[in-house]
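A structural walkthrough
Here is how the chains run, residue by residue.
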Amino acid sequence: MANELVALRGQIDDVDQQLVELFARRLKLVARVGEVKNRLGESIYAPEREASILAQRRAEAQALGVPPDLIEDVLRRAMRESYSCEREVGFKCVNPALGKVVVVGGAGKLGGLFVQLFTLSGYQVCILDKNDWANAATDFADAGLVIVAVPIEQTVRVIQQLPKLPANCLLVDLTSVKAAPLEAMLAVHTGPVLGLHPMFGPDISSLAKQVIIYSEGRNSEAFEWLLAQMHIWGARLQPVNAVEHDQAMSLIQALRHFTSFAYGSHLCTEQADLAQLLSLSSPIYRLELAMVGRLFAQDPNLYADIILSSPANLTMIRRYHTRFGELLAQLEQGNRNAFVQQFATVSEFFGDYANTFLKESRSLLAQANDSRHLPNTPAGQA
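A look at unusual backbone geometry
Look at Lys 209: it is not a glycine, yet its phi comes out positive at around 75°. By the element assignment, Lys 209 lies in the loop between β5 (193–198) and β6 (211–218). A relative accessible area of 35% places Lys 209 in the partly exposed class.

Remarks on the nonpolar core
When a protein is soluble and globular, its nonpolar side chains tend to lie buried together. Judged by nonpolar contacts, the single largest core of 38 residues is most densely connected at Phe 118, Leu 145, Leu 194, Leu 196, Leu 207 and Leu 226. If sequence neighbours within four positions are ignored, Leu 196 has contacts with Val 172, Asp 173, Leu 174, Thr 175, Lys 178, Ile 212, Ile 213, Tyr 214, Leu 226 and Met 230. With 21 residues, the next largest nonpolar core counts Cys 126, Phe 140, Ala 143 and Ala 184 among its residues.

Overview of a nonpolar patch on the surface
Together, Tyr 320, Phe 324, Leu 328, Leu 331, Phe 339, Val 340 and Phe 343 give the surface a local cluster of nonpolar side chains, amounting to about 710 Å² of exposed area. Looking at the nonpolar patch, the element that brings in the most residues is helix α13 (residues 311–332), giving four residues. If you trace the backbone, Phe 343 turns up in helix α14 (residues 336–350).

With respect to the sheet that holds strand β1 (residues 100–104)
Ordered in space as β2-β1-β3-β4-β5-β6-β7, the seven strands form an open sheet in which the pairing is mixed. Lying at the two open borders of the sheet, with one neighbouring strand each, are β2 (125–128) and β7 (236–239). Along the sheet, successive strands turn relative to each other by an average axial angle of 25°, direction set aside. Of the pairings in the sheet, the one linking β1 to β2 comprises four bridges and is parallel in character. Bridging across to β2, Val 104 finds its partner in Leu 128. Taken strand by strand, helix α9 (residues 242–269) contacts β5 and β6, and its axis lies near 150° from that of β6.

A look at the pairing of β1
Along β1, five of the five residues are buried, which leaves the element largely enclosed by surrounding structure. Alternating residues of β1 divide into Lys 100, Val 102 and Val 104 and Val 101 and Val 103, and every residue in both groups is buried. Pairing analysis gives five bridges linking β1 to strand β3 (residues 143–148), with the strands arranged parallel. By the bridge assignment, Val 104 is partnered in β3 with Val 148.

What to know about the packing of α9 against α13
Where α9 meets α13, the closest approach of the two axes is 10 Å, and the angle between their N-to-C directions is 60°. Relative to α13, α9 is oriented oblique. The hand of the α9/α13 crossing is right-handed. For the pair formed by α9 and α13, the contact residues are Ser 250, Leu 251, Ala 254, Leu 255, Phe 258 and Thr 259 on the first element and Ala 312, Asn 313, Met 316, Ile 317 and Tyr 320 on the second. Looking at side-chain class alone, the contact of α9 with α13 contains eight nonpolar, three polar and no charged residues.

Quick word on the packing of α9 against helix α11 (residues 283–295)
For any two helices packed against each other, one specifies the inter-axial angle together with the distance between the axes. At a minimum axis separation of 9 Å, α9 and α11 run at an interaxial angle of 95°. Taken together, the axis directions place α9 and α11 in an arrangement best described as roughly perpendicular. The residues of α11 that touch α9, namely those facing His 257, Ser 260, Phe 261, Tyr 263, Gly 264 and Leu 267, are Leu 289, Val 292 and Leu 295. Looking at the contact of α9 with α11 residue by residue, the class counts come to six nonpolar, three polar and no charged.

A few points about α13
Quick reminder: α-helices carry 3.6 residues per turn. Residues three or four places apart thus point the same way. Helix length check: α13 (22 residues) gives 32 Å between terminal C-alpha atoms against 32 Å at 1.5 Å per residue, within 8%. Of the surrounding elements, those touching the buried residues of α13 are α9 and α12 (300–307). Between the side-chain oxygen at the start of α13 and the backbone nitrogen of Ala 312 there is a gap of 3.1 Å, and the oxygen is on Ser 310. Looking one or two residues beyond α13, the residue adopting positive phi is Gly 334, at roughly 70°.

Description of the environment of Pro 181
Along the polypeptide, Pro 181 turns up in helix α7 (residues 179–188). It is 26 Å that separates the C-alpha atoms of Pro 181 and Val 94, two residues lying 87 residues apart in sequence. Non-local contacts of Pro 181, meaning those with residues more than four positions away in its chain, are made with Thr 155, Val 156, Ile 159, Asp 173 and Thr 175.

Quick look at the environment of Ile 307
Here Ile 307 lies in helix α12. By relative accessible area, Ile 307 is classed as buried at 12%. A C-alpha to C-alpha distance of 35 Å links Ile 307 and Met 79, two positions 228 residues apart in sequence.

Criteria and thresholds
Residues numbered from 1 in each chain as written. Predicted model: local features only at pLDDT ≥ 70, side-chain atom pairs only at ≥ 80, totals over all residues. Heavy atoms only, no water. Helix = DSSP H or I, 4+ residues; strand = E, 2+ residues; numbered from the N terminus. Buried < 20%, exposed > 50% of the residue type's maximum accessible area, 1.4 Å probe, protein only. Core = buried A, V, L, I, M, F, W, Y, C linked by side-chain atoms within 4.5 Å. Contact = heavy atoms within 4.5 Å. Patch = residues over 30% accessible without salt bridge, like charges linked within 9 Å, V, L, I, M, F, W, Y side chains within 5 Å. Areas by Shrake-Rupley, 256 points an atom, 1.4 Å probe, with all protein chains shown as cover. Salt bridge = Lys/Arg side-chain N within 4 Å of Asp/Glu carboxyl O. Pairing = 2+ DSSP bridges. Axes fitted to C-alpha atoms, helices over the stretch in contact; angles between N-to-C directions. Parallel < 35°, antiparallel > 145°, perpendicular 65-115°, else oblique. Left-handed = near helix turned anticlockwise from the far one by under 90°. Nonpolar A, V, L, I, M, F, W, Y, C, P; charged D, E, K, R; others polar. Expected span 1.5 Å × (residues − 1). Polar contact = N/O pair within 3.5 Å; in protein donor to acceptor, adjacent residues only side chain to side chain.

Written out as structure tokens, the structure reads:
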């Protein structure tokens, strides 16, 4: 029986080796696809083709008795790597006559990401850091695009200090608040203005499927090329009014960051044994803990700026605090029925989204479980 197990494992190893060779072949083809897309100016992300591929492969897997979800998981991971490989070959330049791209704060992480993307797209890019203002007038003189990518608390002040820009120069910011920066840009520049909010960090390997929110400022026809360029990079562009954006971010960012901060602070105060919590956690609790821990692996100034960027954020957090207290009071009174009724009310509010989120979370939980390495279970055995 031991020899039979060794023989079967050897066959599995052979199949795995063939899979590696096939993936290597696939990545070479992807690189060629990237070169063609570069010439044609196509986006690295083609949602219709991705959906078609997944549907076809799922059907083929079903016919062969292979779990379709298995094939989809493998292909989605391969596609994610493919998008990163396509980025390495560069992108078509949508506006070759633009002139210089000046990124204020381009030495920072997020600004540096956009410096790289514009460089890969063939633009002439200049970085203006905080020590370079002596040369600012010269750098801006022939700029076709100026991007302000500095910390939130400095954004408006930096915009107000900008020298006079060429009349046709496009002025853009990358801040996670929109109303105040947009107002400041419109005040200092008479030319085209656009507010951007990249909904991702600088550590992403590709912009494929990543959301970039944009709020129009002035002369929309003058920034259509930039929207087209970001589409080629693979981004999903979402227009929204600046005021509505900031209202939404109070829930999407400020409130969520604060609740994660509060939970992490409570674990610290309680001196919780994190190793024990992880060992006792199911995938969902591990994933939730990971999302809280992720916050504390990053720059605290960034999150302080996001939470404190607007008095409305603190008002929202205060309302959450009040609601939290009301719900806790019901539990302290032993009011089980009130909890169940409120649960039903919220479930009705989520509607079909609840089942959608349940389905999406299953995939995330499976990945979280796959990433665990238990010391008493040798990895790689089958």
